[in-house]
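Each chain, written out:
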Amino acid sequence: MQPYVLKGITKLYYNIMNLRNTLFLISAAISILLVCSCSNSGNQGKLENLTQYVDPYIGTGDHGHVFMGANVPFGLVQLGPSNIPQGWDWTSGYHISDSTIIGFSHMHLSGTGIGDLGDISFMPAIGNPTLARGDASDKESGMYSLFRRETETAKAGYYAVHLDRYNVDVELTATKRVGFHKYTFPASGDSKVIIDLENGQAWDRPVEGYLIQENDTVISGYRYSQGWSNDQRVFFTAVFSKPMKGFIVSEKNDVKEGNTIKAERVYGQALFDTKDKDELYIKVALSPTSIENAKLNMQTELAGWDFNQTIKNADNAWNEELNKILIATNDNAVKRTFYTALYHTMIAPSEFCDVNNDYYGADQKMHKNGAFKNYTTFSLWDTYRAAHPLMSIIHPEKMSDIVNTMLTIYQQQGKLPVWHLMGCETNCMVGNPGVIVVADAILKGYDGFDKDLAYEAMKNSMMMDERGLVFLREYGYIPYDKEHEGMSKAMEYAIADWSLAQVAKQMGKTEDYEYFDKRSKVYQYYFDKEIGFVRGLSSEGKFRDEFNPFRSIHREGDYVEGNAWQYTWLVPHDIQGLMNSFGSKDKFVEKLDSLFIVQGDLGEGSSPDISGLIGQYAHGNEPSHHVIYIYPYIGQPWKTADKAREVMSVLYHDQPAGLSGNEDVGQMSAWYVLSAMGFYQVEPAGGKYIFGSPIIDEATIRVKDGKTFRVIARNNSTDNKYIQGVTLNGKLYDKYYINFSDIAKGGTLEFEMGNKPSDTWGTTVDVIADTQ
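All of these numbers come straight from a predicted model, not from anything done at the bench.

**Some details on the environment of Asn460**
Following the sequence through the fold, Asn460 ends up in helix H9 (residues 451–462). Residue Asn460 is classed as partly exposed on the basis of its relative accessible area of 35%. Along the chain, Asn460 and Val435 lie 25 residues apart, while their C-alpha atoms are 10.0 Å from each other.

The following block contains the structure:
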């Protein structure tokens, strides 16, 4: 954040040691002596069993769109059931309202607003069902089976269900690159496993499928498809635990001769005779590069056949990651919500390389022996706000690989990723969020990548002509009559511009700093001081005639998945400047307070993403996520406490509908994880985490170099939600935020909580309106 000139006389509360402060300091010192929180201990010893608090059903209802099935943290494989898709709420392949299963596919998205993947689906069956998804009203129309919720089990790394139509029990687990199936069949001479290379999710359509029976226990192949990811390639090999008696290949239901096929809509059927309770195991390894590498992945990750041990290994993998944050709370519902949220933040990004680091690049070429671990599924418009700031704290070991992936994408496609999926740029959403993530890593002191290349990538990505950037250079803003959704694009570009400017300043590139810092204030063009909202501006400098601050038209107009009430606050990098635009602090505060109160009609054409409403604050979508944390900048932290607690208690809970909007690849959950610990990064890059109101009593966070950072909320309760005072490592701390550097070095942050807003803590602020 830029330095601001503080006006007025700063209260000397923290220099006057009253009895309460003295006792607070003594308590803080004792706690440090007792836990030796500093520093080098890490979360050592036996792992706590935290997967018991993970409930994969949370977010499978309403619009959560989360993945359901078996996987391990950041794995390529997400093995789980796919329902017959029935609309937008099935983008992950599964919805709690559904009772159909068309197969168990090895790749799924989690929480996205667009569907894809669903690749390499296996379905156990009896008899000769029609090879198609089918219609739920007619079982003869397809191969789907109904299931009952009471036969279904879902845990971190494990999924099980009974298929009623075929009387087959299914159990699934996984490693990073291998899906492991266990099917328990009834007695039948017509048992089979259908390999479906036709059906994916949502927009996905097959381009070419290939199957070959290598011997009586091995089937290999690949699936090429187009969809959201427009050139997707997945290779696999499947090994069966018992010999098949036959193998049939077909294009749809047109059976072909031989044991191999290459076509658009490919199916294979592995045939078996089974006795009652016969168990069939199948290991299916994936690769983004080749069948040979799929075999290498299997040999490396799952050479044996111990299904139960693989379940334990998956559970251990999740526990290892979940133990990076140990929390204390007497509310088990909060524990379930917290650890499920943390679990959801680690479904993606996904490793998109083989065990030898071969990977499929953004240039649509296969690359050998990468010098880094390649990742995919970058939902960056969402995740730059909280998921990546959380990752920078608890996953320092992944930061260089994440940035190197992004820099390699830049080298291969000419710009940093926007929304990257399976080696392909989707250009989904607006802005240049990859710039923000790279800048944040640099400003937080991470290394292991070429910083000169990183700067080049950020600057060149911001100086392109595409997606309205040419008009941003020409006009200083993006006119609505020149570029669709120009205002939203410009305001998101501004956040990236500011982030790049901070790196330029750090690197001594003064001219670039001044240019991008100036461009980051583009919101000032759109701010209509007469009405106190941002609105579309034409190339002639005139505001759009029609204006309704509540109205939102999906994929049209000025506001991407939002309205004027929500977008007016999309200036997380310049709270000072935004306040000045209102003319006074009082007007700014009045408008901000009103955001959480006013009611209005969004209109028939509004985006379903605008959800989780408190007034016009929309927690179900990302542009609002920082807004609650503006209040501490202006000396009113108790309002953040009120609203953060309301959101955490009302809009998050431990039921299937426990998310107020799309999970968005971990962003919605990351907001909760950070907020539950009492802080949130507002400014997009650099690591200034603003205090809110911790809903948990204690958190021990494993940070860089084996150190721990401990957060303690004393006298915390539902009523005691207001911060009264803060210490950092036993010393009084008068800031309303903590820097990333203080978290990363380890230590203890303590909040003293009370049931009334403090009249002293939080009054030292950065932002005081120039006109006040």
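**Some words on the sheet that holds strand E13 (residues 232–240)**
Here we have nine strands laid out as an open sheet, ordered E6-E7-E8-E9-E18-E13-E12-E11-E16, and antiparallel in their pairing. Edge strands, defined here as strands with exactly one partner in the open sheet, are strand E6 (153–155) and strand E16 (260–263). The average undirected angle you get between the axes of adjacent strands in this sheet is 15 degrees. Of the strand pairs in this sheet, strand E9 (residues 178–185) and strand E18 (residues 278–287) are connected by eight bridges, and their pairing is antiparallel. Each residue of the ladder has a partner; that of Thr184, found in E18, is Glu279. Packed onto the sheet, helix H2 (residues 291–301) meets E9, strand E11 (205–215), strand E12 (218–226), E13 and E18 and runs at close to 120 degrees relative to E18. Each of strand E7 (158–163), strand E8 (168–174), E9 and E18 is contacted by helix H3 (residues 307–322), which is oriented at about 50 degrees to E8, the strand it contacts most.

**A few points about helix H4 (residues 332–344)**
The end-to-end C-alpha distance of H4 is 18 Å, a good match for the 18 Å that 13 residues give at a rise of 1.5 Å each. Of all 13 residues in H4, 10 are buried, a share of seventy percent or more. Looking only at H4, the buried set comprises Val334, Lys335, Thr337, Phe338, Tyr339, Thr340, Ala341, Leu342, Tyr343 and His344. Its buried side turned inward, H4 meets H3, strand E19 (325–328), helix H6 (387–394) and helix H18 (667–677). Capping the start of H4 is the job of one residue whose side-chain oxygen sits 2.9 Å from the backbone nitrogen of Ala333: Asp331.

**Thoughts on the sheet that holds strand E10 (residues 188–196)**
With antiparallel pairing, the seven strands of this open sheet are ordered in space as E1-E3-E4-E10-E17-E14-E15. Whereas interior strands pair on both sides, the edge strands pair on one side only; in this sheet they are strand E1 (80–82) and strand E15 (254–256). Here the average twist between neighbouring strands, direction ignored, is 35 degrees.

**Comments concerning the packing of H4 against H18**
It is at 8 Å that the axes of H4 and H18 come closest, and there the two elements cross at 130 degrees. With respect to H18, the element H4 is oriented oblique. The two elements H4 and H18 cross, and the hand of that crossing is left-handed. In this structure, H4 contributes Val334, Thr337, Phe338, Ala341, Leu342 and His344 to the contact, and H18 contributes Ser669, Tyr672, Val673, Ala676 and Met677. Class assignment for the residues of the contact of H4 with H18 results in eight nonpolar, three polar and no charged.

**Overview of the packing of H9 against helix H11 (residues 486–506)**
Contact geometry for H9 and H11: axes closest at 11 Å, N-to-C directions at 145 degrees. For the element pair H9 and H11, the recorded crossing hand is left-handed. Contact with H9, carried on its side by Tyr455, Met458, Lys459 and Met462, involves Tyr493, Ala496, Asp497, Leu500, Val503 and Ala504 of H11 and no other residues of that element. Class assignment for the residues of the contact of H9 with H11 results in eight nonpolar, no polar and two charged.

**Remarks on the confidence of the model for the protein chain**
Residue-level pLDDT values for the protein chain average 93, and 93% of them are 70 or greater. A low-confidence stretch, residues 1–43 (pLDDT under 50), is modelled with 87 contacts involving residues beyond four sequence positions or located in other chains.

**Quick word on the environment of Met107**
Structurally, the position occupied by Met107 is in the loop between strand E3 (103–105) and strand E4 (121–126). Overall, Met107 belongs to the buried group, its relative accessible area being 2%. For Met107 and Lys459, which are 352 residues apart along the polypeptide, the C-alpha to C-alpha distance reads 34 Å. Those residues within four positions of Met107 in sequence are excluded, and the remaining contacts are Leu76, Gln78, Leu117, Gly118, Asp119, Val234, Leu286 and Met422.

**Brief notes about the state of the cysteines**
Under the definition given, this model contains zero disulfides. Cys353 forms no disulfide, and the closest cysteine sulfur to it belongs to Cys424, at a distance of 16 Å. Given a relative accessible area of 0%, Cys353 falls into the buried group. Note on Cys428: no disulfide assigned, nearest cysteine sulfur contributed by Cys424 at a separation of 14 Å.

**Side note on the packing of aromatic side chains**
Two aromatic rings are characterised by how far apart their centres lie and by the angle between their planes. All chains considered together, the criterion is met by 43 aromatic pairs. Taken together, a centroid distance of 4.6 Å and an interplanar angle of 50 degrees make the contact between Trp318 and Tyr343 tilted. Pair noted here: Trp318 is in helix H3 and Tyr343 is in helix H4, with a separation of 25 residues, a long-range link. A cation sits over an aromatic face here: Lys283 above Trp305, 4.3 Å from the ring centre.

**Overview of H3**
Here H3 spans 23 Å end to end across 16 residues, near enough to the 22 Å set by a 1.5 Å rise per residue. Residues Phe307, Thr310, Ile311, Ala314, Trp318, Asn319, Glu321 and Leu322 constitute the buried set of H3. Elements in contact with the buried residues of H3: E7, E8, E9, E18, E19 and H4. One side-chain oxygen at the N-terminal end of H3 lies 3.4 Å from the backbone nitrogen of Asn308; it belongs to Asp306.

**Here we look at the environment of Met406**
Inspection of the secondary structure assignment puts Met406 in helix H7 (residues 399–413). Using a relative accessible area of 0% as the deciding quantity, one classes Met406 as buried. Considering only alpha carbons, one finds Met406 and Ser717, 311 residues apart in sequence, at a separation of 42 Å. Setting aside chain neighbours within four positions, we find Met406 in contact with Phe378, Leu380, His388, Leu416, Pro417, Gly434, Val437 and Val438.

**A short note on the pattern of salt bridges**
In the structure shown here, the tally under the stated rule is 40 salt bridges. A salt bridge links Glu214 to Lys295, with the shortest nitrogen-to-oxygen separation between them at 2.7 Å. Residue Glu214 is located in strand E11, and its partner Lys295 is located in helix H2; the two are separated by 81 residues in the primary sequence. We classify Glu214 as partly exposed; its relative accessible area is 36%.

Rules and cut-offs
Residues numbered from 1 in each chain as written. Predicted model: local features only at pLDDT ≥ 70, side-chain atom pairs only at ≥ 80, totals over all residues. Heavy atoms only, no water. Helix = DSSP H or I, 4+ residues; strand = E, 2+ residues; numbered from the N terminus. Buried < 20%, exposed > 50% of the residue type's maximum accessible area, 1.4 Å probe, protein only. Pairing = 2+ DSSP bridges. Axes fitted to C-alpha atoms, helices over the stretch in contact; angles between N-to-C directions. Contact = heavy atoms within 4.5 Å. Expected span 1.5 Å × (residues − 1). Polar contact = N/O pair within 3.5 Å; in protein donor to acceptor, adjacent residues only side chain to side chain. Parallel < 35°, antiparallel > 145°, perpendicular 65-115°, else oblique. Left-handed = near helix turned anticlockwise from the far one by under 90°. Nonpolar A, V, L, I, M, F, W, Y, C, P; charged D, E, K, R; others polar. pLDDT = per-residue confidence, 0-100. Disulfide = S-S within 2.5 Å. Phe/Tyr/Trp six-rings, centres within 6.5 Å; stacked < 30°, edge-to-face > 60°. Lys NZ or Arg CZ within 6 Å of the ring centre and 35° of its normal. Salt bridge = Lys/Arg side-chain N within 4 Å of Asp/Glu carboxyl O.

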